[in-house]
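Letter by letter, the chains look like this.
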Amino acid sequence: MHQPLSLSDKWIQENNALVNKWEEQEGGGDTLTRNQNHTRLIWCSSEFHKLLRKIQGIPPIADHTQLELTVVFNACLCLIAQSQFLEAESLLTQATERVPQMTEDGPFASDPPVFWKIALKSVGNTALNPCVMYLLCLQWAIWLATCKLQTIQELQNELLSVFETLSSGVWDEERSASRRMSSDIPLPVMDQRRLIELLQICTFIAQGAERLSEGRSSEALAGLQSASSLPAPRTLISYTHFLSGSCLAHMNRPQMALQCYRMALETDSQCVCALYQSMLIYRQHGNTQAEIQALRLLHSTLMLPSATEASPAGTHLLPSSLLLQSQSLSSLLSVPSALSVLHSLALKCVLHERVAEGVEYYLDLLAALHTEDQHGVHAGGPSLPKLPELYLQAGAALLMARRPADCMALCDEIITTTLELLPKKVVLKEPEECEGETRAACAEVEDGVWMLLWVGAAYLLQGHCHTHLRDWEQAVTTYTRCINLLVKVRFKKRGCQPQIPSADMVGMQGTNLCILQRLKGLSLAGRGISFTQTDQLREGLRDLQLSIQALPEGKCAGLWCGEVLWRLGRKREAVACWEKTWSFTPHFSVQSLSLYLQEPQSGPLLDSTELRCRIEELCPTLSG
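Quick summary incoming for the structure in this document.

How each quantity is defined
Residues numbered from 1 in each chain as written. Predicted model: local features only at pLDDT ≥ 70, side-chain atom pairs only at ≥ 80, totals over all residues. Heavy atoms only, no water. Phe/Tyr/Trp six-rings, centres within 6.5 Å; stacked < 30°, edge-to-face > 60°. Lys NZ or Arg CZ within 6 Å of the ring centre and 35° of its normal. Core = buried A, V, L, I, M, F, W, Y, C linked by side-chain atoms within 4.5 Å. Buried < 20%, exposed > 50% of the residue type's maximum accessible area, 1.4 Å probe, protein only. Helix = DSSP H or I, 4+ residues; strand = E, 2+ residues; numbered from the N terminus. Contact = heavy atoms within 4.5 Å. 1 Å grid on protein atoms, 1.4 Å probe; cavity = no way out; pocket = protein on both sides within 12 Å on 5 of 7 lines; lining within 4 Å. Points joined across faces, edges and corners; volume = space filled by probe spheres on them. Nonpolar A, V, L, I, M, F, W, Y, C, P; charged D, E, K, R; others polar. Expected span 1.5 Å × (residues − 1). Arc of directions from axis to C-beta. Salt bridge = Lys/Arg side-chain N within 4 Å of Asp/Glu carboxyl O. Axes fitted to C-alpha atoms, helices over the stretch in contact; angles between N-to-C directions. Parallel < 35°, antiparallel > 145°, perpendicular 65-115°, else oblique. Left-handed = near helix turned anticlockwise from the far one by under 90°.

## Regarding the packing of aromatic side chains
Alright, step 1. If you walk through the whole model with that rule in mind, you get four aromatic pairs.
Alright, step 2. Cation over ring: Arg612 sits above Trp582, and NZ or CZ is 3.9 Å from the ring centre.
Alright, step 3. Lying across the ring of Trp566, Arg614 places its NZ or CZ 5.4 Å from the centre.

In structure tokens, the structure reads:
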């Protein structure tokens, strides 16, 4: 006669059916969306909780303990996978507190480290030992996910013992053999050995990142190097190599750091943080060609569809990203966006004599931004300049590449979209003067200033284009438009009326005033040089002298001012002007300036060697 199933057997079958259904869906090969997977997880969690309520509806019985703790394990793991850490921790505590009722021990302490030490001691070498250890592993996962690394440190000895015991495979092999022969064993929803291995390496990674951020590089390096040989998904192994490289970089050992970054990339070709940090080392040490190569590779990698690594069986439920959420690690792993990298690549190429290549990158960048804008995606980013700024940079690069028509087209785009929005006048104030104004009023003034500067810069570049094409009349007209726009800006000092800014005010107002003075100096120089090409020397001299007042470091204005003086017969003044220009030392690097604020490399240029020959012929003693 067929014996009816006991309650325990029914519950085991119900648990195993849920586990098997989850594994079938997980291994079925169907790609689920994030929402579909989340819905499936909620359902699975709900079913395990229903089963657990049935089991806990009767007093604790020693024969049901393994079943109850396995279902707790499954229900709790589903909660953790949904980031419901408080609920999971509460469930773990309640379940573990029932153990003394099964073992006839006293109640446990409330302090978490003490609680788990007593729990492990209470089950000793009994059959409950592995069950409680697995529950401790879930508590370990919660501490890791919530960045409670200090608590993990307090239980380091116990967790190490758990790792060594459970990863030895004794119970795992027994369970696997029993599972093949019988369905009387309650099954876990995740391979428990994989869980142990995942927790171990994620702990090393999280602790290494934390120690590194605290300046304890040597200590972090030792742990990370030992973790690199653990069994784990390749993404996590690559993190250990990457963080080892970061430690070595902080210890001022760049070559060894690069070797670690290379190992990270060999382990996982999509470890973009290793590529990024390699690029920074090349930049720091002035290896421009290697930096450009790294930027190119980084951009192409970021543009690839995000490859989802095939995780080992049984780890899909608990992704490593859930366990590695510390701010220290996130900061170390962060990389700029693909568009920001493309911008850096374009700029670096232009600044280091790879102009044609840089121009193509700029055009790719503008095309990508245009596509994102059409699809309603926010194109900018904290490290990407605003669109008009990018247009101006691209325009300047096109002019360097001897493509003035394309440069003018980009500048026309800025002018036509911005000109009507320009304020009739702009008053810049000292920071103390702005303190009493609202944030909205300050932002409105700031926006007006930038729009005016962008349009002024667009006119400046167009003037350079006409100069390049030797269209002197049109160049004078365009430079004049720039100048007329810039003189709308007034600077107000406390207790004084607004006045036209001068070079000695630059340090008082900062970036906006500095750009304004540079635009003014360059446009006056451009117009002055254009006048000289049509023999309007006195008009040219006036503009060149005004340019030197606005921008004392302007080399073109200084040399051409001397040239005009020479042509006017004022040769000693010309020599003094040239000598002063050559002796001037700018207080900044030219490469620190935006491309469109640099002096043009096309158009009429003067040869300093030829000018020095003139000086020697005039008076040999002046060259001494």
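The structure having been displayed, the exposition proceeds.
## Remarks on the nonpolar core
For soluble globular proteins, nonpolar side chains are generally found buried alongside one another.
Alright, step 1. With 86 residues, the main nonpolar core has Ile80, Phe242, Leu318 and Leu323 as its most contacted residues.
Alright, step 2. Top contributing element to this core by residue count: helix α7 (residues 129-145), with 14 residues.
Alright, step 3. Leaving out residues up to four positions away in the same chain, Leu318 has contacts with Leu77, Ile80, Ala81, Met190, Leu195, Leu198 and Leu323.
Alright, step 4. If you look at the next biggest cluster of nonpolar residues, it comprises 69 residues, including Leu342, Leu351, Ala394 and Val426.

## Overview of empty space enclosed by the protein
Alright, step 1. If you walk through the whole model with that rule in mind, you get four cavities of 30 Å³ or more.
Alright, step 2. Contributing elements (two or more residues each) for the lining of the largest cavity: α24 (439-468) and α27 (511-533).
Alright, step 3. If one sorts the elements of the lining of the largest cavity by residue count, α27 sits on top with five residues.
Alright, step 4. In terms of residue class, the lining of the largest cavity is made up of eight nonpolar, six polar and one charged.
Alright, step 5. Space inside the second largest cavity adds up to approximately 110 Å³.
Alright, step 6. Taken together, 13 residues make up the lining of the second largest cavity; nearest its centre are Ala396, Leu399, Met400, Pro600 and Gln601.
Alright, step 7. Put simply, the parts of the chain that give the lining of the second largest cavity at least two residues each are α21 (387-400) and α24.
Alright, step 8. Per element, the largest residue contribution to the lining of the second largest cavity is three residues, and it comes from α21.
Alright, step 9. A per-class count over the lining of the second largest cavity returns seven nonpolar, four polar and two charged.

## Considerations on helix α30 (residues 571-583)
Alright, step 1. Taking 1.5 Å per residue as the helical rise, α30 with its 13 residues ought to reach 18 Å, and the 18 Å between its terminal C-alpha atoms agrees with that figure.
Alright, step 2. Within α30 the residues assigned to the buried category are Ala574, Val575, Cys577, Trp578, Thr581 and Trp582. Down the axis, α30 shows its buried residues gathered within 160° of arc, on one side only. Relative to its buried face, α30 has exposed residues pointing more than 90 degrees away, namely Arg572, Lys580 and Ser583.
Alright, step 3. Contacts made by the buried residues of α30 are with α28 (537-550), α29 (555-567) and α31 (608-618).

## Some remarks on helix α14 (residues 254-267)
Alright, step 1. Taking 1.5 Å of rise per residue, 14 residues should cover 20 Å, and α14 covers 20 Å from first to last C-alpha, within 8% of that figure.
Alright, step 2. Pro254, Ala257, Leu258, Cys260, Tyr261 and Ala264 are the residues of α14 that are buried. Considered in projection along α14, the buried side chains sweep an arc of 160° and stay on one side of the axis. Residues Gln255 and Glu266 are exposed on α14 and point more than 90 degrees away from its buried face.

## Comments concerning the environment of Ala141
Alright, step 1. Mapped onto the fold, Ala141 is located in helix α7.
Alright, step 2. Exposure remark for Ala141: the relative accessible area of 0% places this residue in the buried category.
Alright, step 3. Counting along the chain gives 61 residues from Ala141 to Ile80, while the straight-line C-alpha distance between them is 8.1 Å.
Alright, step 4. Not counting chain neighbours up to four residues away, the residues in contact with Ala141 comprise Leu199 and Leu323.

## A word on the layout of surface pockets
The method is simple in principle: a probe with the dimensions of a water molecule rolls over the atoms, and the space it marks as empty is what remains.
Alright, step 1. If you add up the space inside the second largest pocket, you get close to 790 Å³.
Alright, step 2. In this structure, the second largest pocket is lined by 31 residues; those nearest its centre are Glu553, Gly554, Lys555, Cys556 and Glu599.
Alright, step 3. Only α19 (338-351), α29 and α30 provide two or more residues apiece to the lining of the second largest pocket.
Alright, step 4. It is α29 that provides the largest number of residues to the lining of the second largest pocket, a total of five residues.
Alright, step 5. Here the residues of the lining of the second largest pocket sort into 19 nonpolar, seven polar and five charged.

## Overview of the pattern of salt bridges
Alright, step 1. The final tally for this structure, using the stated rule, is 19 salt bridges.
Alright, step 2. In this structure, Lys54 engages Glu14 in a salt bridge whose closest nitrogen and oxygen atoms are separated by 3.2 Å. A residue pair is termed long-range when its members are at least 10 positions apart, and Lys54 in helix α2 (residues 34-55) and Glu14 in helix α1 (residues 7-26) qualify at 40 residues.
Alright, step 3. Assessed through its relative accessible area of 25%, Glu14 is described here as partly exposed.
Alright, step 4. Salt bridges linked by common partners bring Arg211, Glu214, Arg216 and Glu219 together as one network.

## Digging into the packing of α14 against helix α15 (residues 272-284)
Alright, step 1. Interaxial distance between α14 and α15 falls to 9 Å at its minimum, and their mutual angle equals 155°. Regarding the angle of α14 to α15, the classification is roughly antiparallel. Crossing geometry of α14 relative to α15 is assigned as left-handed. Residues Pro254, Ala257, Leu258, Tyr261, Ala264 and Leu265 of α14 touch α15, and the partners they reach there are Ala274, Leu275, Gln277, Ser278, Ile281 and Tyr282.
Alright, step 2. Of the residues in the contact of α14 with α15, the class split is 10 nonpolar, two polar and no charged.

## Observations concerning unusual backbone geometry
Alright, step 1. Here Arg402, not a glycine, exhibits a phi torsion of approximately 60°, which is positive.
Alright, step 2. Using a relative accessible area of 47% as the deciding quantity, one classes Arg402 as partly exposed.
Alright, step 3. Despite not being glycine, Arg470 has its phi angle at roughly 60°, a positive value.
Alright, step 4. Tracing the sequence through the fold places Arg470 in the loop between α24 and α25 (472-486).
Alright, step 5. Residue Arg470 is classed as exposed on the basis of its relative accessible area of 53%.

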